[in-house]
Amino acid sequence: MILPSCFPVLLVLFHAASSNLRILTIHGNQGPEPCAMTCVGTTAEADTRWTQDPLGAATNHYIITTTVNISQCGFVGTPIVTTSLHTGNSADAKKHQYIGALVSGQSTVADLNKDSFKVYLYGFHGNTFKSLPFTPTYGKAFWDVHWSASGFIC
Ligand SMILES: *[C@@H]1O[C@H](CO)[C@@H](O)[C@H](O)[C@H]1NC(C)=O
């Protein structure tokens with residue numbers, strides 16, 4: 001069964017070779033142009049693992065963070081990443097869709113490397129709306145990360 005197992009690989013190579021993507025600047029790891037690729041994804045809806053930032057917790061700030069695993073993109077160096085925050089369809093989230101507008105950090109990208117990056121959210125509204133505590137559980141019910149990463153795969 002050599003042909004079927006090779007087929008997806010050939011498709012990927014063909015796609016990369018015919019790509020119109022042009023990367024002007026990147027933090028090092030510049031590869032040959034045919035190796036430039038854009039890879040997109042989301043974290044799991046209503047199942048993204050948010051954790052409370054310890055420094056934030058220690059100072060009474062409402063900060064949660066998640067690590068996004070992009071290793072399957074196959075980048076050989078650090079890619080360019082952009083993110084947005086998606087408010088999911090859980091009952092709570094639907095009732096309070098505006099809360100996403102009271103959160104900052106939707107496009108923060110930290111600890112970026114070829115395999116992963118972190119997003120930090122600051123829920124300053126948590127100081128005002130006590131009925132909606134800005135905790136990892138609450139973050140999981142509400143938000144997932146949509147992302148696009150462009151970099152070199154060879
Ligand atoms: C990231 O995902 C890959 C592929 O699914 C997996 O092998 C790897 O263990 C994950 N890395 C972390 C730090 O979870």
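Preceding this section is the structure that the text describes.
Residues numbered from 1 in each chain as written. Predicted model: local features only at pLDDT ≥ 70, side-chain atom pairs only at ≥ 80, totals over all residues. Heavy atoms only, no water.

**Q** Please clarify how the site of the ligand should be interpreted in this entry.
**A** As a structural note, the neighbourhood of the ligand is formed by N69, S71 and Q72. Between the ligand and S71 there is a distance of 3.3 Å, counted from an oxygen atom to a side-chain nitrogen or oxygen. For the ligand, whose unbound accessible area comes to 360 Å², protein coverage reaches 24%. (Near = heavy atom within 4 Å. Polar contact = N/O pair within 3.5 Å; in protein donor to acceptor, adjacent residues only side chain to side chain. Areas by Shrake-Rupley, 256 points an atom, 1.4 Å probe, with all protein chains shown as cover.)

**Q** I'm lost on the state of the cysteines in this one. Help?
**A** Among covalent bonds in proteins, the disulfide is the one between the sulfur atoms of two cysteines. Tallied over the entire structure, the rule returns 2 disulfides. The side chain of C35 participates in a disulfide bridge whose partner is C154; the two sulfur atoms lie 1.6 Å from each other. Here the disulfide of C35 and C154 is left-handed, its torsion about the S-S bond being about -75 degrees. With a gap of 119 residues between them, C35 in the loop between α1 (2–17) and β1 (36–42) and C154 in the segment after β6 (143–152) connect regions that are remote in the sequence. Residue C39 pairs covalently with C73 via a disulfide, S to S 2.1 Å. The disulfide joining C39 to C73 has a torsion of about -75 degrees about its S-S bond and is therefore left-handed. With a gap of 34 residues between them, C39 in strand β1 and C73 in the loop between β3 (63–69) and β4 (80–87) connect regions that are remote in the sequence. For C39, a relative accessible area of 15% translates into the label buried. Look at the protein chain and number its bonded cysteines as they come in the sequence; the links are 1-4, 2-3. (Disulfide = S-S within 2.5 Å. Helix = DSSP H or I, 4+ residues; strand = E, 2+ residues; numbered from the N terminus. Buried < 20%, exposed > 50% of the residue type's maximum accessible area, 1.4 Å probe, protein only.)

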